[in-house]
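So the chains spell out like this:
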Amino acid sequence: MGRLQTNTMSTTFTQLGIPDDLNQGIEALGILEPTPVQEQAIPFLMQDGGDLIAQAQTGTGKTAAFGLPLLTKIDPTFKEIQAVIIAPTRELAQQIGKQLFRYTKFSAKIFTEVLAGGDKIDLQVKKLQRPTHIVVATPGRFIDLLKLKAIRLQSVRHLVLDEADEMLSMGFQKELEEIFKQTQDRKSTWLFSATFQQRIKSMVEQHMSAKAHMIKVDKKHVVNRNIDHQFAICSREDKTDFIFKYLKAQGDERGLIFCRTRAGAVSLGADLTKLGLAVGVLQGDLSQKDRDKVMRAFKKERTQFLLATDVAARGIDVEGLSFVIQHQLPDAMQYYTHRSGRTARAGKKGVSITLIEPKERRKITQLEKELGLNFSMVE
């Protein structure tokens with residue numbers, strides 16, 4: 001397994017092999033120092049570029065870890081699809097597409113098309129008739145477009161699967177098998193996954209090289225060091241009052257509040273709205289149209305705060321969030337990283353505050369140990 005070497009000198013993207021034009025693009029985004037997953041993945045992908053298996057969570061900088069090397073492998077003068085990136089949700093696919101576009105601000109024009117459900121398929125068919133170098137897609141929509149013979153895959157050399165475990169847990173195994181089958185002429189497969197359960201191992205054994213390079217970002221290197229981790233002890237009945245006071249004290253700052261259940265998110269959203277706060281609620285029962293409406297209002301700053309469940313928040317990426325509030329501790333440890341990683345993006349600082357009941361105090365100690373964090377208590 002690749003392990004991060006602790007190094008007092010900070011590494012630069014140039015040292016990892018990223019060319020100047022892409023460097024300028026990421027510097028313009030405020031991305032100056034590589035994260036652990038970038039330090040491990042980029043040199044391998046730049047030099048060798050063969051099959052890669054990376055165990056890394058959301059919020060660790062995966063998009064740049066595969067996106068920057070991938071862009072160097074595209075020939076802009078060749079007007080065919082040369083790479084396919086598959087992601088579990090529409091939001092994540094859009095986010096990846098947007099980042100690739102931003103990275104190439106100072107580079108030769110590379111055309112990326114994002115293909116996901118919720119958008120008109122006939123419009124996507126039309127767009128694919130233009131020169132396209134990279135396709136970023138959700139599994140279901142990708143297969144639909146293949147059936148319509150709208151995507152030509154004969155020149156695809158690189159396949160990237162982002163959040164592979166999420167795709168399997170969402171029931172996309174059949175679609176992924178088909179995507180592997182349809183891209184058999186590829187030179188490499190790069191697979192990113194937060195967990196490595198048996199289904200992922202079987203897929204890897206079946207479709208990837210036995211010599212695939214494997215990297216694992218140690219849990220203690222996963223959490224962004226620009227996040228100030230805090231917790232507050234309060235009873236269940238007092239949580240709404242705590243959150244309301246906290247939000248009122250934030251001035252213009254924007255943030256995300258995580259709830260464990262849909263009902264909890266809806267009820268807290270209703271309470272905060274009654275108290276006069278501009279909040280949006282994102283939960284799994286929303287139609288794609290309503291979900292887009294909530295996200296649009298939040299991105300355009302018509303709502304200041306967004307409430308979400310873990311499942312509904314998959315793949316959302318909003319810049320400039322100052323804080324994350326966790327109404328309860330998440331069910332699984334990895335979700336703490338997913339949630340807190342929504343703030344302090346691109347080198348900025350942020351706060352993650354978790355509300356716990358008195359009997360849960362030891363869980364904070366457990367998080368500190370497992371993830372190598374220091375929590376401070378707020379009154």
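Thresholds applied
Here the residue index of a chain counts from 1 through its sequence in written order. Reporting of local features is limited, given that this is a predicted model, to residues whose pLDDT is at least 70; pairs of side-chain atoms are given and counted only at 80 or more, and all residues count toward the totals for whole chains, interfaces and linings. In computing side-chain values, all of the structure's heavy atoms are included and hydrogens and water are not. The way it works is that DSSP assigns letters per residue, a run of H or I at least four long becomes a helix, a run of E at least two long becomes a strand, and they are numbered from the N terminus. We compute the radius of gyration over the C-alpha atoms and compare it with the globule rule, which gives 2.2 Å times the number of residues raised to the power 0.38. For each residue, the accessible area found with a 1.4 Å probe, counting protein chains only, is set against the maximum for its type, and the residue is called buried under 20%, exposed over 50%, and partly exposed in between. In this description, contact between two residues means that some pair of their heavy atoms is separated by no more than 4.5 Å. Note on areas: Shrake-Rupley with a 1.4 Å probe; residue coverage comes only from the protein chains shown. Positive charges come from Lys and Arg alone, negative charges from Asp and Glu alone, with His and the N- and C-terminal ends not counted. A charge is said to be at NZ when it belongs to Lys, at CZ for Arg, at CG for Asp and at CD for Glu. For helices, the fitted axis covers only the stretch in contact; all axes are lines through C-alpha atoms, and the angles between them, taken along N-to-C directions, range from 0 to 180 degrees. Just so you know how the angles are binned, under 35 degrees is roughly parallel, over 145 roughly antiparallel, 65 to 115 roughly perpendicular, and the rest oblique. By convention the crossing between two helices is left-handed if the near helix lies anticlockwise of the far one by an angle smaller than a right angle, and right-handed if it lies clockwise. Residue type decides the class: Asp, Glu, Lys and Arg count as charged, Ala, Val, Leu, Ile, Met, Phe, Trp, Tyr, Cys and Pro as nonpolar, and the leftover types, Gly among them, as polar. Note: pLDDT gives the predictor's confidence per residue, expressed from 0 to 100. In the sections that follow, a salt bridge refers to a side-chain nitrogen of Lys or Arg positioned within 4 Å of a carboxyl oxygen of Asp or Glu. Grouping into patches uses exposed residues only, defined as over 30% relative accessible area, and leaves out salt-bridged ones; the cut-off is 9 Å for like charges and 5 Å for nonpolar side chains (Val, Leu, Ile, Met, Phe, Trp, Tyr). Counted as a polar contact is a pair of N or O atoms within 3.5 Å, where, for protein atoms, one must be capable of donating a hydrogen and the other of accepting one, and residues adjacent in sequence contribute only when both atoms are in side chains. Expected helix span is taken as 1.5 Å per residue step, with the number of steps being one fewer than the number of residues. Strand pairing requires that DSSP identify at least two bridges connecting the strands. Seen with its strands pointing away from the viewer, a crossover is right-handed if its path from the first strand over the helix to the second goes clockwise.

### Observations regarding the overall build of the protein
- Broken down by element type, the protein carries 16 helices and 14 strands.
- Its C-alpha atoms give the protein a radius of gyration of 21 Å, near enough to 21 Å, the size a compact globule of 379 residues would have.
- Along the first, second and third principal axes, the C-alpha atoms of the protein reach 60 × 50 × 40 Å.
- A total of 379 residues make up the protein; the buried ones form 54% of that total.
- Counted over contacts in the protein with a minimum sequence separation of 6, partners at least 24 positions apart contribute 76%.
- Accessible surface, the protein as shown: approximately 17600 Å² in total, 50% of it carbon and sulfur.
- Both charge centroids of the protein, one from 55 positive and one from 44 negative side chains, sit 3 Å from each other.

### Here's the deal with the packing of helix α4 (residues 62-72) against helix α5 (residues 90-103)
- Put simply, α4 and α5 touch, their axes get as near as 10 Å, and they point 50° apart. What the angle tells us is that α4 and α5 run oblique. As α4 runs across α5, the sense of the crossing is right-handed. Mapping the contact onto sequence places Thr63, Ala64, Phe66, Gly67, Leu68 and Leu71 in α4 and Ile96, Gln99, Leu100 and Tyr103 in α5.
- Of the residues assigned to the contact of α4 with α5, the class counts are seven nonpolar, three polar and no charged.

### Looking at the confidence of the model for the protein
- Looking at the protein as a whole, the pLDDT averages 89, with 94% of positions reaching at least 70.
- Contacts of residues 1-8 to residues separated by more than four positions or lying in other chains number 13 contacts, the stretch itself having pLDDT below 50.

### What about the pattern of salt bridges?
- On inspection of all chains with the given rule, the structure shows 13 salt bridges.
- Notably, a salt bridge pairs aspartate 162 with lysine 62, separated by 2.8 Å at the nearest N-O pair. Here aspartate 162 is found in the loop between β5 (158-161) and α8 (164-169), whereas its partner lysine 62 is found in helix α4, with 100 residues between them in sequence. Of the two residues examined, aspartate 162 and lysine 62, each falls in the buried class.
- Note that glutamate 80 and arginine 152 form a salt bridge whose closest N and O atoms lie 3.6 Å from each other. Taken together, the residues span a long stretch of sequence, with glutamate 80 in the loop between α4 and β2 (83-86) and arginine 152 in the loop between α7 (139-147) and β5 at a distance of 72 residues.
- The class for arginine 152 is partly exposed, based on a relative accessible area of 41%.
- Overlapping salt bridges, with partners in common, bring together Lys62, Asp162 and Glu163 in one network.

### Brief notes about a positive patch on the surface
- Positive charge collects at one region of the surface, where Lys289, Lys293, Arg296, Lys300 and Arg302 lie side by side.
- By secondary structure assignment, the location of lysine 289 is in helix α14 (residues 288-299).

### Side note on the side chain of histidine 229
- Mapped onto the elements, histidine 229 comes out in strand β8 (residues 227-233).
- Classification of histidine 229 as buried rests on a relative accessible area of 4%.
- Engagement of the side chain of histidine 229 in a polar contact is seen with the side chain of tyrosine 336, the distance being 2.7 Å.

### Let's talk about helix α3 (residues 36-47)
- Over its twelve residues, α3 runs 18 Å from end to end, which matches the ideal 16 Å to within 8%, given 1.5 Å per residue.
- Every buried residue belonging to α3 is among Pro36, Val37, Gln38, Gln40, Ala41, Ile42, Phe44 and Leu45, and all of these are buried.
- Looking one or two places after α3, you find glycine 49, whose phi comes out positive at around 75°.

### Considering the pairing of strand β3 (residues 112-115)
- Residue alternation in β3 divides its side chains into a buried set, Glu113 and Leu115, and an unburied set, Thr112 and Val114.
- Relative to strand β4 (residues 134-137), β3 runs parallel, the two being bridged by four bridges. Counterpart to glutamate 113 in the pairing with β4 is valine 135.
- A crossover links β3 with its parallel partner β4, the connecting element being helix α6 (residues 121-127), and its sense is right-handed.

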